[in-house]
Amino acid sequence: MTTAGEKRGNGIIGVLPIALAAALFVFFFSQISAVSRFGPQMVSVPWVPALDVQLAFTLDGLSLVFALLISGIGTLVMLYSNSYLAGHPQYARFALYLTLFMLAMLGLVVSDNLLALFVFWELTTLTSYLLIGFGHESASSRRSALQAMLVTGAGALALLAGLILLGSVAGTYSISGIIAQGDVVREHALYVPILVLILAGAFTKSAQVPFHFWLPNAMAAPTPVSAFLHSATMVKAGVYLMARLHPALSGTEVWLWTLTILGAVTAVFASVLALRQTDLKLALAYTTLMALGTLTLFLGSDTEYAITAFCTFLIVHSLYKAALFLVVGCVDHGTGTRDAALLGGLARAMPVTAIAAGVAALSMAGFPPFLGFIGKELKYAGALAVASEPVLVAGAVLVANALMLAVAGVVSFKPFWRPAGGALPDTPHEAPWPMLAGPVILAALGAVFGIQPDLIQATLINPGVDSILRARGEAKELHLWAGVNLPLILSVATFILGLTLYALHGRLRAVLTRWDEAAPHFDTGWDRLLDGLKAVASWQTRLLQSGVLRRYLLTIFGALFVTLAWTLYARSPGIPALSFPDLELKHWAIIALIIAGTIEVALTGSRVAAIAALGVVGIGVALIFVIYGAPDVAITQLLVETLVVVLIAVVMLRLPHLDENRRRDWRPRDAVLGAGVGVVVTMIVLQVLAQPLDTRLTDYFEVTAWPEAFGRNIVNVILVDFRALDTFGEIAVVLIAALAAYALLRTTKEEVEK
Amino acid sequence: METLIAIAIGILTAAAVYLMLARNVLRFIFGLLLLSNAANLLIFTAGRLTQGAPPLIPKGADIPPEGVANALPQALVLTAIVIGFGLFAFALVLIFRAYTGLGTLDSDDMRVAEPKEQGR
């Protein structure tokens, strides 16, 4: 981020993503009238027909709201990044990740197939990982990236299981098909497992307590990424999923209580912690948690007020929060710090930023005539409409909103209008226009929609509410002035409480910091969890991977013995009777020779004896081949045995004795295992011999050897004609072995000479 | 005879396993040789034994006479013998090379790739 770099820009790579995002925004914008007038727009392309996976896309009210937010804020963020990271050596990579993310996120919100949705879901996790870890030189960036990926990825595994269960219960993976039969899902025995698994995915993605800790850490990403992914869009994927499946899953006690309680806890917990932060970006991160909690809370209910509040707050929050993140980026860029304690008096040097920040913050704080005010009124109406516990829910919303107001003051009022708390690293200067466009436009929209709520009522809110409630015309109207009613009174209470909190925030922060440091930390808990995992992994590796050859072999032969013995025991009809008909002396003699040689090799301490005994065994086997009509095999066997003995003898001249004292080698444990494997192998051979022999292949070779291959020695014909390629492979193996042996011997020579 | 050979195969395998579990890698390679002999015998025997009738087609005939030995396992065993020899030769050179490089034939002491951890 050098000054020279800012002037240079990023060329075509900087402009392309902006153009793409803008084109997508224009496209989705042009769909507004079709969606609001004619209902969902659908496109479908077969993808994996065998698994009933279609690339089916639906654009209904809910999808459209998200798609517009993603592509619209995407355009502004791309424009912003092009200046914020101007001349960054890896800007092309950054732009690619960001564009990929945007496309994945759009895919997620328009998918009409559960599995396609899941693929897009994981793509957003991956691109989020890459973007958080964009500053990969810093260890904390890498840690945060990995943490975000592991938390959301673990949730995604649960989600996948939940989606598959849901698909099999409903008999289709089409989302529109599933939400059309919500009663089937709700009454199914697997409803609770499905709900738990899907909510695990949604809660990790949308950072609900107790999975919230990854989101503040994700602020390691460059600020435009935080604005885009970790505030306006990606973290809302979980909320989107809950809204999408609302018709199929909501309306039960489990749904209501889980979402209401966790949403409320997250909202209050996060807004308290937000006030504790001094880093502006972290403060915003916690207010994002608060917003996600509130959105979850509203989805718990299915009253029209709650859902209208959901849709409105979704839009309000994305507008002001993205604007504020971008403002923080401007402040960071202009002053070199984001520390709320230092910053102050920036309004003179950065007037445009200050005004944008002020407008966005007023919307966030819920002052009239901004959209945030309408959102807040609806929140209270929605909270009061939660039939079971209106006081509790409204109380939670009241506390969270008041804290929000205080945080808005800390983030957007104090740095600009109050005196500075200390010396700033850089002389404050205004950001270039592409970085101002985002905050200004987004903040202005919050004001325009506030004054003219009709602009979004029919176009976005109504279709959005309709698609969640699956009915038309259920949405409540947005009013700036709805008369003196309970929500208005609550609003006034919020202002009083919020302003008091802001006035006291310095002292409150000190108290909160003390509490926070005393309380157990999720983040350190996470570290301990990972350390535990690593300890288990290394313990298990030490256990399995001893690095001692004999132990590996012991495991292999042990496993071989157990599986073979078990199979024999379970499958065999019984031990076949041993019978030795028509045996002549020569047969007994050969077998005796082989057995004697074998035992001698196994036990001897002398290498000469071992070589001789090996020779005896080899010749014994060759004799068997001779007797039973295999002269070719016997010749080869004799040849190879001779070579083996010669080779061993040559090498042995250079090697030490088997044992210095030529003792017998006796290891009882190994002998038991060896005997076990030997017995099992004998049993298997006997079983094989008891089965009828399938001679089709032999018959074929016998009949065709002469007429087709013109050979009278059938074994030779098989080797050089029918299975010529195998023989070629065999020759290649021997050649490779020879070459490798030669290479080894040559390096030995060099080493000896050295 | 099949039964007797089955027992011999079992004993060969038992000795091979026993030898391959030894610390001395030369014993390991003896085990390898016995194991390949056992495998060859097993393939050969599984195709049934026919005494004194090699699978040849006499002059003037198109097919071999009734009751010749099964040609297929013989062809397989031939290939197996040669490949087994290639494996043995390479393993032997490898052992030789390991000895000149590491100065030991004890597989427990060959810990270059997986060194012993501290305190174990």
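Keep in mind that this is a model prediction, so the values were computed, not measured.

Quick notes on the rules
Residues numbered from 1 in each chain as written. Chains lettered and ligands numbered in written order. Predicted model: local features only at pLDDT ≥ 70, side-chain atom pairs only at ≥ 80, totals over all residues. Heavy atoms only, no water. Helix = DSSP H or I, 4+ residues; strand = E, 2+ residues; numbered from the N terminus. Rg over C-alpha atoms; globule rule 2.2 N^0.38 Å. Buried < 20%, exposed > 50% of the residue type's maximum accessible area, 1.4 Å probe, protein only. Contact = heavy atoms within 4.5 Å. Areas by Shrake-Rupley, 256 points an atom, 1.4 Å probe, with all protein chains shown as cover. Buried area = accessible area lost by both parts, 1.4 Å probe. Salt bridge = Lys/Arg side-chain N within 4 Å of Asp/Glu carboxyl O. Nonpolar A, V, L, I, M, F, W, Y, C, P; charged D, E, K, R; others polar. Core = buried A, V, L, I, M, F, W, Y, C linked by side-chain atoms within 4.5 Å. Expected span 1.5 Å × (residues − 1). Polar contact = N/O pair within 3.5 Å; in protein donor to acceptor, adjacent residues only side chain to side chain. Patch = residues over 30% accessible without salt bridge, like charges linked within 9 Å, V, L, I, M, F, W, Y side chains within 5 Å. Axes fitted to C-alpha atoms, helices over the stretch in contact; angles between N-to-C directions. Parallel < 35°, antiparallel > 145°, perpendicular 65-115°, else oblique. Left-handed = near helix turned anticlockwise from the far one by under 90°. pLDDT = per-residue confidence, 0-100.

Moving on, we come to the overall build of chain A. Assigned secondary structure in chain A consists of 33 helices and 2 strands. What you see for chain A is a C-alpha radius of gyration of 38 Å, clearly larger than the 27 Å of a compact globule of 754 residues, by over 25%. Its C-alpha atoms put chain A at 115 × 65 × 55 Å along the principal axes. A total of 754 residues make up chain A; the buried ones form 53% of that total. Partitioning the intrachain contacts of chain A with sequence separation of at least 6 by distance along the chain shows that 78% fall at a separation of at least 24. As displayed, chain A offers around 32600 Å² of accessible surface, 69% of which is attributable to carbon and sulfur atoms.

Let us now look at the interface of chain A and chain B. Facing 103 residues of chain A, the contacting portion of chain B comprises 88 residues. Where chain A abuts chain B, roughly 8600 Å² becomes buried across the two surfaces, and 74% of that area is made up of carbon and sulfur atoms. Looking at the side of chain A facing chain B, the largest losses of area belong to Arg550, Tyr628 and Arg712 of chain A, adding up to 9% of the total buried there. At the junction of chain A with chain B, the criterion picks out 1 salt bridge. Residue Arg550 of chain A is joined to Asp108 of chain B by a salt bridge in which the shortest nitrogen-to-oxygen separation is 2.7 Å. Counting residues per element, the ones that place at least two in the side of chain A that touches chain B are α26 (549-571), α27 (585-603), α28 (607-627), α29 (631-652), α30 (668-690), α31 (696-709), α32 (714-722) and α33 (724-753) of chain A. When grouped by side-chain class, the residues that make up the side of chain A that touches chain B number 66 nonpolar, 22 polar and 15 charged.

Attention now moves to the nonpolar core. Core analysis: the largest hydrophobic core is formed by 175 residues, its most contacted members being Leu249 and Phe310 of chain A. Counting residues per element, this core draws most heavily on helix α17 (residues 304-335) of chain A, at 20 residues. If we ignore the near neighbours within four places in the chain, the residues touching Phe310 of chain A are Leu62, Val239, Ala243, Leu295, Phe298, Leu299 and Ile468 of chain A. Core analysis: the second largest hydrophobic core is formed by 82 residues, Leu614, Val640 and Val651 of chain A together with Leu32 of chain B among them.

Attention now moves to helix α16 (residues 280-300) of chain A. Along its 21 residues, α16 of chain A runs 31 Å from first to last C-alpha, staying within 8% of the 30 Å computed at 1.5 Å per residue. Its side-chain oxygen placed 2.8 Å from the backbone nitrogen of Lys281 of chain A, Asp279 of chain A serves as the N-cap of α16 of chain A.

Below, the discussion takes up unusual backbone geometry. Glycine aside, the phi torsion of most residues is negative, and most peptide linkages are trans. Residue and element names in this part refer to chain A. Here Val209 and Pro210 are connected by a cis peptide whose omega angle stands at 5 degrees. Along the chain, Pro210 falls in the loop between α10 (191-205) and α11 (214-217). The omega torsion across Pro368 and Pro369 is 5 degrees, close enough to zero to call that bond cis. Structurally, Pro369 can be placed in the loop between α18 (351-365) and α19 (371-385).

Our focus in this paragraph is a nonpolar patch on the surface. All names here are of chain A. Among the surface-exposed residues, Trp47, Val48, Leu51, Val119, Leu123 and Leu126 lie close enough to one another that they form a single nonpolar patch of about 510 Å² accessible area. Among the secondary structure elements, those contributing two or more residues to the nonpolar patch are β1 (41-48) and α6 (114-132). The greatest single-element share of the nonpolar patch, amounting to 3 residues, is contributed by α6. Locating Leu123 in the fold gives a position in helix α6. Overall, the relative accessible area of 36% leaves Leu123 in the partly exposed class.

Next up on the list: helix α3 (residues 71-102) of chain B. Each α-helix turn comprises 3.6 residues. Residues three or four places apart therefore point the same way. Residues and elements named next belong to chain B. In a regular helix each residue adds 1.5 Å, so 32 residues correspond to 46 Å; α3 covers 46 Å between its end C-alpha atoms and thus fits that length. The opening residue of α3 is Asn70, an N-cap whose side-chain oxygen sits 3.3 Å from the backbone nitrogen of Leu72. A positive backbone phi angle near 75 degrees is found at Gly103, which sits one or two residues after α3.

On the secondary structure map, Ser231 of chain A appears in helix α12 (residues 223-232). With residues near it in sequence (within four places) discarded, Ser231 of chain A still touches Ser226, Lys236, Thr288, His317, Lys321 and Phe325 of chain A.

Running from amino to carboxyl end, α30 of chain A crosses helix α1 (residues 2-20) of chain B at an angle of 150 degrees, the nearest separation of the two axes being 7 Å. One finds that α30 of chain A runs roughly antiparallel with respect to α1 of chain B. Considering how the two elements wind past one another, α30 of chain A and α1 of chain B form a crossing that is right-handed. Side by side, α30 of chain A and α1 of chain B meet where Asp670, Ala671, Gly674, Ala675, Val677, Gly678, Val681, Thr682, Val685, Leu686 and Leu689 of chain A of the first sit next to Glu2, Thr3, Ala6, Ile7, Ile9, Gly10, Thr13, Ala14, Val17 and Tyr18 of chain B of the second. Along the lines of polarity and charge, the residues of the contact of α30 of chain A with α1 of chain B split into 13 nonpolar, 6 polar and 2 charged.

For chain A, the average pLDDT comes to 88, and 97% of its residues sit at 70 or higher. Overall, residues 1-7 of chain A carries pLDDT values under 50, and its contacts beyond four positions in sequence, including any with other chains, amount to 9 contacts.

What follows deals with the pattern of salt bridges. Residues and elements named next belong to chain A. The final tally for this structure, using the stated rule, is 15 salt bridges over all chains. Among the salt bridges present, the one from Asp183 reaches Arg186, with a minimum N-O distance of 3.0 Å. Separated by 3 residues within a single helix, Asp183 and Arg186 lie in helix α9 (residues 182-187), roughly one turn from each other. A relative accessible area of 48% means that Asp183 is categorised as partly exposed. A salt bridge links Arg338 to Asp279; its shortest N-O distance comes to 3.1 Å. Here the residue Arg338 occupies a position in the loop between α17 and α18, and Asp279 occupies one in the loop between α15 (253-276) and α16, the gap between them amounting to 59 residues. Classification of Arg338 as partly exposed rests on a relative accessible area of 22%.

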